[in-house]
Amino acid sequence: MSANSQRTKVKSIWTAEWVIIGYIAFTLILMACWWNQLVHPFEMLWGRLRILCIIAGLWALYRWRPCKLTRLIRVTGLMLLLSWFYPDTYEVNRVLPNLDHVFANWEQQLFGCQPSLLFSQVCPWGWFSELMCLGYVSYFPLMVTILLYYFFQRYEEFGTASFILLSSFFAYYVVFVLLPVTGPQFYYLAVGTDKIAAGIFPDLGNWFLTHSERMAAPGWSDGFWYHMLDITHDAGERPTAAFPSSHVGVTTVIMLLALHTRSKVLTFSMLPFYLLMCFSTVYIYAHYAIDAIAGLLTGILVYGVLKLWAKKMELR
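A few points on the structure. Treat the numbers as computed from the prediction; the structure is a model and nothing was measured.

### As for the environment of Leu117
Examined against the element boundaries, Leu117 turns out to sit in helix H7 (residues 115-122). Taking the C-alpha atoms as reference points, Leu117 and Phe42, separated by 75 residues in sequence, lie 38 Å from one another. Setting aside chain neighbours within four positions, we find Leu117 in contact with Tyr188, Thr193, Ile196, Ala197 and Tyr285.

Okay, structure coming up:
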């Protein structure tokens, strides 16, 4: 690589950052259309301005001292921004009529029951509950693991891996802001589990515009991993982002990134947590079973599209 090309890379905004900026522009258009219906429009606007300032600050840091450490800091900073973007999908999509009754009906037609409602009843044991909660909270450690592996073991592909992982979130966020599905933990509580068990799935309309109460997760409430799950839910869970399951989708992307490394140790050490994740999303009422299935399929699709995109450009 020439010196001029290297200097251009240092000065330029990364492709992953353009993805974030594009997503911000997309949501700003939606906000302009729905401004009078939004609950916190000025806070949302101010939040986006702060995000752009953070991106600019991370870029300035890397430009000032371009090295592996500042590159890692820049990627880590972008990943941390996801904790703001996820609950923000609720601020956008709650102005739309809720669609959980449609998805609960599809679930009933496909399985003849509500797997999320019955799973914990069929498997009520404390040890099983702890495994499910462990699987769900392993979401963030799996992200850290794959990024650090690429950084230390396959640095030449670190840019591509971080681009694929980060961009996969925003692919799901675009769907979430347009598809207001809250998932069982919110919908079942609003309707009542007795009605759900009887196959009654009413249209709640704009109920979640002003309601964000959720059911407690089933299982062993005194368990360590159950408490960790509660902490993560209290920190950022909102009645949003149920279909497709981004937990399953993103961890599918992570597993495909692990497979790409051809490291058996990495792949097989992550595989049990991935399998637990796929089942736990249904067990803890976070998702309908069709959400998890859609997460698996879309995860494969998102990985393929982003990998192809990465091959067609020189990622920075």
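### Looking at a nonpolar patch on the surface
Judged by side-chain polarity, Leu110, Phe111, Ile293, Leu296, Leu297 and Ile300 come together as a nonpolar surface patch covering roughly 550 Å² of accessible area. Counting residues per element, the nonpolar patch draws most heavily on helix H16 (residues 289-311), at four residues. Tracing the backbone shows Leu296 in helix H16.

### Thoughts on the packing of helix H2 (residues 15-34) against helix H3 (residues 41-64)
Orientation of H2 relative to H3, taken along the N-to-C sense of each, is 165 degrees, at an axis distance of 11 Å. The angle between H2 and H3 falls in the class roughly antiparallel. The two elements H2 and H3 meet at a crossing, and its hand is left-handed. The segment H2 lies against H3, with Glu17, Ile20, Ile21, Ile24, Thr27, Leu28 and Met31 engaging Pro41, Met44, Leu45, Arg48, Ile51, Leu52 and Ile55.

### Points about the nonpolar core
Membership of the largest hydrophobic core comes to 78 residues, with the highest contact counts inside it found for Ile146, Leu165, Phe169 and Phe170. Top element by residues in this core is helix H10 (residues 158-178). It accounts for twelve residues. Contacts of Leu165, omitting those with residues within four sequence positions, involve Met79, Met143, Ile146, Leu147, Val250, Ile254 and Leu257. Core analysis: the next-biggest nonpolar cluster, separate from the first, contains 17 residues, Ala104, Phe208, Ala242 and Tyr285 among them.

### As for unusual backbone geometry
Following Phe243, the chain continues into Pro244 via a peptide bond in cis, with omega recorded as -10 degrees. With respect to the helices and strands, the residue Pro244 is situated in the loop between helix H13 (224-236) and helix H14 (246-261). Of note in this structure, Tyr285 is not a glycine but carries a positive phi near 75 degrees. Along the chain, Tyr285 falls in the loop between helix H15 (264-283) and H16. Residue Tyr285 is classed as buried on the basis of its relative accessible area of 8%.

### What about the environment of Val174?
Relative to the assigned elements, Val174 resides in helix H10. Leaving out residues up to four positions away in the same chain, Val174 has contacts with Tyr23 and Phe26.

Cut-offs applied
- Residues numbered from 1 in each chain as written.
- Predicted model: local features only at pLDDT ≥ 70, side-chain atom pairs only at ≥ 80, totals over all residues.
- Heavy atoms only, no water.
- Helix = DSSP H or I, 4+ residues; strand = E, 2+ residues; numbered from the N terminus.
- Contact = heavy atoms within 4.5 Å.
- Patch = residues over 30% accessible without salt bridge, like charges linked within 9 Å, V, L, I, M, F, W, Y side chains within 5 Å.
- Areas by Shrake-Rupley, 256 points an atom, 1.4 Å probe, with all protein chains shown as cover.
- Salt bridge = Lys/Arg side-chain N within 4 Å of Asp/Glu carboxyl O.
- Axes fitted to C-alpha atoms, helices over the stretch in contact; angles between N-to-C directions.
- Parallel < 35°, antiparallel > 145°, perpendicular 65-115°, else oblique.
- Left-handed = near helix turned anticlockwise from the far one by under 90°.
- Core = buried A, V, L, I, M, F, W, Y, C linked by side-chain atoms within 4.5 Å.
- Buried < 20%, exposed > 50% of the residue type's maximum accessible area, 1.4 Å probe, protein only.

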